[in-house]
Amino acid sequence: SVKELAIQVNNLEGTLPTELGQMTSLTRLTVRNNSLSGPIPTELDNLSDLEKLDINQTALSGSISSTLCSRLTEAFVDCGEVECDCCTTR
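My aim in this report is to walk through the structure given alongside it, one point at a time. (Residues numbered from 1 in each chain as written. Predicted model: local features only at pLDDT ≥ 70, side-chain atom pairs only at ≥ 80, totals over all residues. Heavy atoms only, no water.)

1. Some words on the overall build of the chain
Alright, step 1. Within the chain, the regular secondary structure consists of 2 helices and 8 strands.
Alright, step 2. The helix and strand sequence of the chain, counted from the amino end, reads β-β-β-β-β-β-α-β-β-α.
Alright, step 3. Relative to its length of 90 residues, the chain is compact, with a C-alpha radius of gyration of 12 Å against a globular reference of 12 Å.
Alright, step 4. On the principal axes, the C-alpha backbone points of the chain span a range of 30 × 25 × 20 Å.
Alright, step 5. A buried classification covers 34% of the 90 residues belonging to the chain.
Alright, step 6. Taking the contacts inside the chain whose residues are at least 6 apart along the sequence as the reference set, 33% of them involve residues at least 24 apart. (Helix = DSSP H or I, 4+ residues; strand = E, 2+ residues; numbered from the N terminus. Rg over C-alpha atoms; globule rule 2.2 N^0.38 Å. Buried < 20%, exposed > 50% of the residue type's maximum accessible area, 1.4 Å probe, protein only. Contact = heavy atoms within 4.5 Å.)

2. Digging into the pattern of salt bridges
Alright, step 1. Evaluation of the coordinates by the stated rule reveals 2 salt bridges.
Alright, step 2. Arg 28 is paired through a salt bridge with Glu 74; the nearest N and O atoms lie 4.0 Å apart. Of the two residues, Arg 28 is situated in strand β3 (residues 28–30) and Glu 74 in strand β7 (residues 74–76); the sequence distance between them amounts to 46 residues.
Alright, step 3. On the basis of relative accessible area, Arg 28 is assigned to the partly exposed category, the value being 28%.
Alright, step 4. What makes Glu 74 partly exposed here is its relative accessible area of 30%.
Alright, step 5. Its salt-bridge partner being Arg 32, residue Asp 54 comes within 2.8 Å of it at the nearest N-O pair. One end of the pair, Asp 54, is in strand β5 (residues 52–54); the other, Arg 32, is in the loop between β3 and β4 (35–39), and 22 residues separate them in sequence. (Salt bridge = Lys/Arg side-chain N within 4 Å of Asp/Glu carboxyl O.)

3. Structural notes on the nonpolar core
Alright, step 1. Formed by 22 residues in total, the largest nonpolar core has its most connected members in Leu 29, Leu 44, Leu 50, Ile 55 and Ile 64.
Alright, step 2. Beyond its immediate stretch of four places on either side in the chain, Leu 29 contacts Leu 5, Leu 20, Leu 44, Leu 50, Lys 52, Leu 53 and Asp 54. (Core = buried A, V, L, I, M, F, W, Y, C linked by side-chain atoms within 4.5 Å.)

4. Observations regarding the side chain of Thr 30
Alright, step 1. Mapped onto the fold, Thr 30 is located in strand β3.
Alright, step 2. Once residues within four sequence positions are removed from consideration, Thr 30 is found in contact with Leu 5, Ala 6, Ile 7, Gln 8, Lys 52 and Asp 54.

5. Focus on the sheet that holds β3
Alright, step 1. Pairing within the open sheet is parallel, and its 4 strands lie in the order β1-β3-β5-β7. The open sheet is flanked by β1 (4–6) and β7, the only strands paired with a single partner. Each neighbouring strand pair of the sheet contributes to a mean axis angle of 10°, computed without reference to strand direction.
Alright, step 2. In this structure, β5 lies alongside β7, joined through 3 bridges in parallel fashion. Considered in β7, the bridge of Asp 54 is made with Phe 76. (Pairing = 2+ DSSP bridges. Axes fitted to C-alpha atoms, helices over the stretch in contact; angles between N-to-C directions.)

Take a look at the structure:
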């Protein structure tokens, strides 16, 4: 099973796939420095082992649930675009 998905600086465009929520073994998800846009999928809440989330320097918007944020030991988000408890507590 995949534990870490690091696809930063790959000129990716489009939205973050909701199917990422099916990768329940993920502990780290890094998509920084891409042209990703649109809402952050609520399906990321299914990633109960996720410890690190890096969506900084993208055009993703919306919110990250407090449930997901409370699980993270590291969170890198653009707090101007994304609502997240991580922005005030991390």
